[in-house]
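Residues per chain, in single letters:
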Amino acid sequence: MEAIVSVKRDQPTADISNPAVPYDEMVKRAGAVHPHYTALEARLATLSPEELAERQRTQERFFLLQGITFTVYGAESSTERIIPSDILPRIIPGSEWSRIEAGLIQRLKALNMFLADIYSHQQILMDGVLPRELVLNAPSYRREMQNLYVPHKAYANVCGSDLIRQPNGEFAVLEDNLRVPSGVSYMLANREASRRVFPGTFRSAGVRGIDRYPDLLLTTLKSMAGNWRPNPQVVVLTPGVYNSAYYEHAYLARLMGVPLVEGRDLVVHDNFVYMRTTRGLRRIDVIYRRVDDDFIDPLTFRRDSSLGAAGLFNAYRAGNVMICNAPGTGVADDKAVYAYVPAIIKYYLNQDAILPNIETFLCREPAQLSHVLANLDKLVVKAVGASGGYGMLVGPHSTKAQQAEFADALQADPANYIAQPTIQLSTAPCLIDGNVEPRHVDLRPFILCGEKIVVTPGALTRVALRKGSLVVNSSQGGGSKDTWVLTESKGDAK
Amino acid sequence: MMLARVADSLYWIGRYVERAEHMCRLSDVMLNATLDRSDAATQVARIALLAVGDTNVSKAQAPYEAALALTLERGDGGSIFSSIAHARENARQVRDQITTETWERLNIIYLRMNNPDAVKAFHDGSQVFLHDTIADLHLFKGAGDATMSHGEGWSFLQLGVHLERAQLIGSLLDVVFGERRRRKPLADHFALTSILRMSCALEPYLRVYTAELQPRHILNFLMLDEDFPRSIRFCTTQIESHLAAITRHAGLSANAGPERLAGRLKARLHFADMDELEAQGASAFLKTVLDDCWAIHRSLYDAFVAYSLEDRLPA
């Protein structure tokens, strides 16, 4: 899952600036669980460690047979691994979800308005809400997108935000993923698996369904085509079978019933995009692309890319094809712009953010830079342009030498860095070697935005399977589990 | 309507799966020959190797090793492992086009072959290993038949299966009956049953010709039988009908290249005369059949997959 950005935080030391004990999703206090977890807890009490382990094996076999794997390429041969999937669901009560949902809708609405503004009149920059150079110098800002019509002003059509639950129990947004977020197939596969593992508990818990996601995604994509043609042809564009998220691309194409194309299947002629079929060329209206901006068109972006189609961007500019998400959406999930999202929400919607941000220090501001430099051993420092856990310093787990190295880098190019406090992610019960133990988790819900904004009532819960670890990346020992969002009436028993 | 690349992949899944199944049978027959130290056994192993396209017949002295290599050698593009790996790689590329049930069957075979313990499993029970693989390949075809839509994609898959099968049986027959390579006439009962086993034809043959094993009947059966699914004639009928379906889907005229070639090939086998064939020699006829198969393969690409864009661009 390449686009899953890391949540790399580490255990705080016995530091007074962050004394908090992580919030636990199941256990309220010693001996008592949250009401929405009582049914699951009762069910677990009836199962022996062997029975649980057996269920875990059944689930792993399900993933293996379905080919829900990522490939590890070696010198001689390649092996396929499954992304570990934990069988114990993470449960979120209905009332809590309503708040998350409202917060996500508000946030995506504001970010799309921001993108529409940035790529047209740039009123928000005139009004000085955020520094002009911070936006226009961001590597993800695409000048090519300037003054281009995007239907419904929906630039980011598929968004997968990373939420974390803070020690006080409140959810906060860690990152907005507006480029090509992945992981939705794991959300759906985990659900398919957990229905088999805990059928009884699932039935009585009142879990909201997520299986309409492919249908909603197709509707969203079609709504971007406007009314030019009665039956718009939608395709999914994948970098190909060697991409680590290929399974997901094929999965979505299959469930939407649309072709899964690669760059080599596409032909651009007279600013129209076609795919090569057995019946000759067939025109395409909407491309749900799972290829990064840089690679979609060698004539406009990276010239050495062979993953996209030459001339695709011009066809887009001409209005003959829709690219979803629009190129250039990355500027709105830039790590420095992130710090301004509450201000952006205020500016466009005149509302306070429902979901808070994590406190973020912008090193471009001299006062904040000196604070960061003085607290390098406590903070997490991130390079603005980088993602996936690169270019990062985790203060409490770093050496003096690493801190000194970062101090130099910060002073040399302060605008390239931000810093955040080290935050304890919440923990949820997981099955570890037959025992139920708490592990740190985050939450990635998926939001769709076309003519309307829709949040699927479910999410991918990523798990740091190593004890004490706060890293939920699949590449670093992370796994995932199903997320049950309960209907409003259930799970709110007081 | 489907992507040209997808059609191409489905076609190759069909070819690779068929090839793997055929190679499993050849391996199995070779292993069977190891139980018997007679001259006929060496002869059978040699035939199997030649039918695989391996001209190093000295391997026939060690049929067990040859069968192991043919089954699991990763470096050899013609091994069963390679065919399964290629079939599955193609299936992964068109994962959205084949049903989950079909995919699962192929994936299971691949996972077993790719398992580090595969060599051990082969040593523990080589015939069981091959038998299971063949059975799983049948399940794959059955799952496809029962769950996939029998539309254009299915026709491409079937086209791959039957073109490959016609070519494999054709090559086998050429090795056995072609006068170019024949050393001494096959008369040994063991050798003759082995030939039938290699093409999974023993029982169906017995039902038609009884236990009277005669080279002429075997050639007739494997080449010209109307109903046996591994006879070349049966294959050409399938090729012709699936090509007709594809041409219809694509909205091309029936006079287009591939369909004309397929019709001609079908007619060749339909109206072949065994006496005439024997008089002229089987080799010449088989060569025509194999050449026709290649011509169909090429014209298929020209018409549906690697066509020139200039003819197809909107005016």
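Residues numbered from 1 in each chain as written. Chains lettered and ligands numbered in written order. Predicted model: local features only at pLDDT ≥ 70, side-chain atom pairs only at ≥ 80, totals over all residues.

Enquirer: Can you explain the overall build of chain A? Please cite residues and give values.
Expert: Helix and strand content of chain A: 14 helices and 24 strands. Taking 2.2 N^0.38 as the reference for a compact globule, 494 residues should give roughly 23 Å; the C-alpha atoms of chain A span a radius of gyration of 23 Å, in line with that estimate. When the backbone C-alpha atoms are referred to their principal axes, chain A occupies close to 70 × 55 × 55 Å. Each of the 494 residues in chain A was classed as buried or not, and the buried ones make up 50%. Sequence-distant contacts in chain A: of pairs separated by 6 or more residues, those separated by 24 or more amount to 71%. (Helix = DSSP H or I, 4+ residues; strand = E, 2+ residues; numbered from the N terminus. Rg over C-alpha atoms; globule rule 2.2 N^0.38 Å. Buried ≥ 20, exposed ≤ 12 C-beta atoms within 10 Å, placed from the backbone. Contact = placed C-beta atoms within 7 Å.)

Enquirer: Please set out the sheet that holds strand β19 (residues 417-421) of chain A residue by residue, giving values where relevant.
Expert: Residues and elements named next belong to chain A. With respect to topology, 4 strands assemble into an open sheet ordered β16-β19-β17-β18, the strand pairing being antiparallel. Where the open sheet ends on each side, the last strands, each with one partner, are β16 (361-362) and β18 (392-394). Alignment of β16 against β19, held across 2 bridges, turns out to be antiparallel. In the sheet register, Phe 361 faces β19, and the bridge partner there is Ala 419. (Pairing = 2+ DSSP bridges.)

Enquirer: So what about the domain arrangement of chain B? Which residues, and what values?
Expert: Residue and element names in this part refer to chain B. For chain B, the domain assignment lists domain 1 (1-147) and domain 2 (151-309). If you average the C-alpha positions of domain 1 and of domain 2, the two centres end up 20 Å apart. Opposite the 28 residues of domain 1 that make contact, domain 2 presents 25 residues. For the side of domain 1 that touches domain 2, the secondary structure elements donating two or more residues are α1 (4-34) and α2 (39-52). Per element, the largest residue contribution to the side of domain 1 that touches domain 2 is 17 residues, and it comes from α1. A class-by-class count of the residues in the side of domain 1 that touches domain 2 yields 17 nonpolar, 5 polar and 6 charged. (Domains from an automatic or database assignment. Nonpolar A, V, L, I, M, F, W, Y, C, P; charged D, E, K, R; others polar.)

Enquirer: Residues and numbers for the sheet that holds strand β11 (residues 266-269) of chain A, please.
Expert: Two pairing modes exist for strands in a sheet, parallel and antiparallel, and in both the strands are linked by backbone hydrogen bonds. All names here are of chain A. Spatially, the 3 strands line up as an open sheet ordered β11-β12-β13, and their pairing is antiparallel. Edge strands, defined here as strands with exactly one partner in the open sheet, are β11 and β13 (280-283). The mean inter-strand angle of the sheet, taken between neighbouring strand axes irrespective of direction, is 40 degrees. Of the pairings in the sheet, the one linking strand β12 (residues 272-277) to β13 comprises 4 bridges and is antiparallel in character. Note that in β13 the partner of Thr 277 across the bridge is Gly 280. (Axes fitted to C-alpha atoms, helices over the stretch in contact; angles between N-to-C directions.)

Enquirer: An account of the nonpolar core is requested, with residue identities and associated values reported.
Expert: Among the nonpolar cores identified, the biggest contains 235 residues, and A:Ile287, A:Val337 and B:Ala48 are the most heavily contacted of them. Each of domain 1 (1-147) and domain 2 (151-309) of chain B accounts for three or more of the residues forming this core. Contacts of A:Val337, omitting those with residues within four sequence positions, involve A:Leu130, A:Leu134, A:Val135, A:Ala138, A:Val331 and A:Ala332. (Core = buried A, V, L, I, M, F, W, Y, C linked by C-beta atoms within 7 Å.)

Enquirer: Explain the environment of B:Ala51 to me, and be specific about the residues and the numbers.
Expert: Residue and element names in this part refer to chain B. Secondary-structure assignment places Ala 51 in helix α2. Overall, Ala 51 belongs to the buried group, with 23 C-beta atoms counted inside 10 Å. Placed 121 residues apart in sequence, Ala 51 and Leu 172 show a C-alpha to C-alpha distance of 5.0 Å. In this structure, Ala 51 is in contact with Leu 26, Ser 171, Leu 172 and Val 175, ignoring residues within four places of it in sequence.

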